[in-house]
Every structure is written in C-alpha cells, then in structure tokens.
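The primary structure of each chain is shown beneath.
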Amino acid sequence: MSSILFECNHGVAKITLNRPEKYNSFNRDMALLLQKKLNDCAADKNVRVVYLTGNGRAFCAGQDLCELLGEDPPGFEVILAEHYNPIIKKIRNLPKPVVCAVNGVAAGAGANIALACDIVVATEKASFIQAFSKIGLIPDCGGTFMLPRLIGIQKASALMMLGDKVNATEAERIGMIYKVFSTETFAEESMQIAVTLSTMATRAFAYTKEALNASLTNSLEQQLQKEDEIQYKAGHTLDYSEGIAAFVEKREPVFKGE
Ligand code: LHQ
C-alpha cells in the first residue's frame, strides 16, 4: 500500500497521508512521494485545488521517530533539506489553493506542514502539538516563521517550549486555523471548501498566494508595489473578463482558471 493516496475529481486533487498505523508519520518514502504529488498538482492544469488530509485517527505525527533509530537513518541535514523544506516551499509556492483537512492529531512536522497550507480546517477531535521540545529539538518546517505570525510570538513561544496540546476549538479561537467542524460533518464540509475553490478564479488565487507570501517580509510600500504588479496580471486573465461579464449580465460566472 502506498504511503500517499491520490485521487483527482472535478479539479480537486485529494492527497491522503497513508501510514495510519504510524499515525501518518513521515519516513523518507512518504516525504519524497508527497513532494512528487505536489509537483504533479502544480503542473496539471486540471487540478484547481489541493485537499490534504490523513488516513485513520491522526493527521500526521511528524517525523517517524523509528526511522531515526533504524539501519542507516537519514541524517538531520538530509531530513530537513531533502524531506521537509521542499514540502513547505512547494505548498507555499503551489499556484493553487491548498486546503488542509486535519482529521486528527497533528504533531511536530505534521502540525507545521498543516499550518503552511492556505486554509486549515479541523475536526473537533483534532489537536495540534509542537512536539519538538519533548525530544530536544527546535520546531521546523517553517513553524518558527508561521506560528508567531498566526498567533503572536508570546503564545507561539509558550506552545513551542511547553509542547502543549492545543485542541481544535482553541486553535480556531486563537487564529491558528480557519474553522472547526463537528466529527459528523467534517469530511463533507472540509471537502466542500475545496469544491467551492475549484470553481473559482484559480489564477487569482495563485496571485493572492504570491502577494500573501511577499507580505510576510515586505514593508507597506513594497507590498503596495507588489499588489500593483500582481493586480495588473490578474486583470489580464480570462477569469477576470468572465467575472466582469457575468456581473454585468447578472449571471453566475463560469471560471476556467485561465
Ligand atoms: C509514531 C509516531 C512517530 C513513529 C506516533 N513516529 N511512530 C525534524 C528534524 C530531524 C529529525 C526529527 O524530526 C524532525 C521533524 C519532527 O517532526 S520532530 C517531532 C516528531 N514527532 C513527535 O515527536 C511526536 C511523537 N508522537 C507523539 O507524541 C504521540 O504519538 C502523539 C501525541 C502524536 C499521539 O499520542 P497518542 O494519541 O497517545 O498516540 P500514541 O502515542 O499511542 O501513538 C499511536 C501509534 O502511532 C503508536 O504506535 P503503536 O504501535 O504503539 O500503537 C506510536 O508509536 C505511533 N506513532 N507518533 N512520530
């Protein structure tokens, strides 16, 4: 059985982390396969949105700690440079929205991969743990970049040092994630977000991501300049023409992501 399941329906590419007996923790094979699937999603114009989730009780428990003790384990420099950093960069630079549907516990790298996604939703049973401090490591996968920007440096420091478990409701309350859904409706409602996005103006989403990425380090002056440049590009898409035409004609737009 593959460590990553993949299916694509009506523009929604569903990527499922699939090592349930290991809480979908990452070994090298799963990390490289996830990168390949993200590359495929970026290149395939039929894919309009990516929906990332986990199989079983957990979303992802981060690094497979058993792999570190196995025969010929990958070194730390390999794990970050070849496994996790490319995953984070591919998610942030993917010119399409990535919805992360956190179906259970998200710990260590698993938590920070989720937080790198564009829209993060969770089942009420999910939780988020910056587990790194419990094993003497620092938060990676861009966690030290994203988490303080999401919830402020004070809460981020405390969660990273204490390794507290944050339940999904609290994660929503403090702005770590977008929304929590009940166990009964989670699968349907999280997928509905992806389906809705898949019918919208995909290239505008790519430009929105580009602008948001830039905003994380730009001054206001630089950011206004960036918006100026990118809005010009958005204004030359077919979806923009369609959006305007549909408004004037008082009908629903049919966006093709072009
Ligand atoms: C696991 C794991 C796991 C293997 C649960 N590995 N089996 C970067 C730089 C370089 C090196 C290191 O890594 C990194 C990035 C990182 O991600 S570092 C952080 C690594 N992750 C952790 O430290 C989390 C470890 N796991 C846990 O703390 C708990 O398992 C959590 C809080 C996630 C869930 O707790 P419980 O709900 O009580 O479940 P459990 O502990 O009973 O786990 C269920 C099974 O999953 C169990 O297997 P078993 O055969 O006993 O049923 C665990 O061994 C397995 N599992 N996490 N990371």
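Reading the values: rules and limits
- Residues numbered from 1 in each chain as written.
- Predicted model: local features only at pLDDT ≥ 70, side-chain atom pairs only at ≥ 80, totals over all residues.
- Heavy atoms only, no water.
- Domains from an automatic or database assignment.
- Contact = heavy atoms within 4.5 Å.
- Buried area = accessible area lost by both parts, 1.4 Å probe.
- Salt bridge = Lys/Arg side-chain N within 4 Å of Asp/Glu carboxyl O.
- 1 Å grid on protein atoms, 1.4 Å probe; cavity = no way out; pocket = protein on both sides within 12 Å on 5 of 7 lines; lining within 4 Å.
- Points joined across faces, edges and corners; volume = space filled by probe spheres on them.
- Helix = DSSP H or I, 4+ residues; strand = E, 2+ residues; numbered from the N terminus.
- Nonpolar A, V, L, I, M, F, W, Y, C, P; charged D, E, K, R; others polar.
- Axes fitted to C-alpha atoms, helices over the stretch in contact; angles between N-to-C directions.
- Parallel < 35°, antiparallel > 145°, perpendicular 65-115°, else oblique.
- Buried < 20%, exposed > 50% of the residue type's maximum accessible area, 1.4 Å probe, protein only.
- Pairing = 2+ DSSP bridges.

K.L.:
Before we go on, may I ask you to explain the domain arrangement of the chain in this structure?
P.N.:
Many analyses report the size of an interface as the accessible area lost when the parts associate. Split by domain assignment, the chain resolves into domain 1 (4-198) and domain 2 (202-249). Each of domain 1 and domain 2 was reduced to a C-alpha centroid, and the two centroids are 26 Å apart. Contact with domain 1, which involves 13 residues of that partner, is made by seven residues of domain 2. Across the domain 1/domain 2 interface, buried area totals approximately 880 Å², and carbon plus sulfur atoms make up 54% of it. Sorting the residues of domain 1 by area buried against domain 2 places R48, R92 and P95 first, and these three jointly supply 42% of that buried surface. Of the charged contacts in the structure, one is a salt bridge between K209 and D118, with a shortest N-O distance of 2.8 Å.

K.L.:
Hey, could you run me through the layout of surface pockets in this one?
P.N.:
Once rolled over the atoms, a probe with the size of a water molecule shows which space is left empty. Its boundaries defined by the atoms lining it, the largest pocket holds a volume of some 450 Å³. As for the largest pocket, its lining consists of 21 residues, of which R92, C117, D118, I119 and L212 are closest to the centre. When contributions to the lining of the largest pocket are tallied by element, the ones reaching two or more residues are β7 (119-123), α5 (143-151) and α9 (202-215). Counting residues per element, the lining of the largest pocket draws most heavily on α9, at five residues. Its boundaries defined by the atoms lining it, the second largest pocket holds a volume of some 340 Å³. Forming the boundary of the second largest pocket are 18 residues, of which Q63, F132, I135, L137 and D140 lie nearest the centre. For the lining of the second largest pocket, the secondary structure elements donating two or more residues are α2 (65-69) and α3 (76-93). For the lining of the second largest pocket, the leading source of residues is α3, giving four residues. For the lining of the second largest pocket, the per-class residue count stands at 13 nonpolar, three polar and two charged.

K.L.:
How should the packing of α9 against helix α10 (residues 220-234) be read in this particular structure?
P.N.:
Any two packed helices are characterised by how steeply their axes cross, that is the angle between the axes, and by the distance between the axes. Remark: α9 packs on α10, axes separated minimally by 10 Å, with the N-to-C direction vectors making an angle of 170°. Overall, the two elements α9 and α10 adopt an arrangement that is roughly antiparallel. Residues Y207, E210, A211, A214 and S215 of α9 form the contact with α10, whose participating residues are Q223, K226, I230, K233 and A234.

K.L.:
It is not clear to me how the pattern of salt bridges should be interpreted in this structure. Could you clarify?
P.N.:
If the charged atoms of two oppositely charged side chains come close together, the side chains can form a pair. In this structure the tally under the stated criterion is 11 salt bridges. Among the ionic contacts, a cluster of salt bridges with common partners joins R92, D118 and K209.

K.L.:
How should I be thinking about the pairing of β7 in this particular structure?
P.N.:
Successive side chains on a regular strand alternate, one facing one side of the sheet and the next facing the other. Counted residue by residue, β7 has four buried out of five residues, so it is predominantly covered. Two strands pair when backbone bridges link them, and strand β5 (residues 98-102) and β7 are joined in this way by four bridges, in the parallel orientation. Paired with C100 across the bridge in β7 is V120. Two elements, β7 and strand β10 (residues 179-181), share three bridges in a ladder whose sense is parallel. Across the sheet, residue V121 finds its bridge partner in β10, namely K179.

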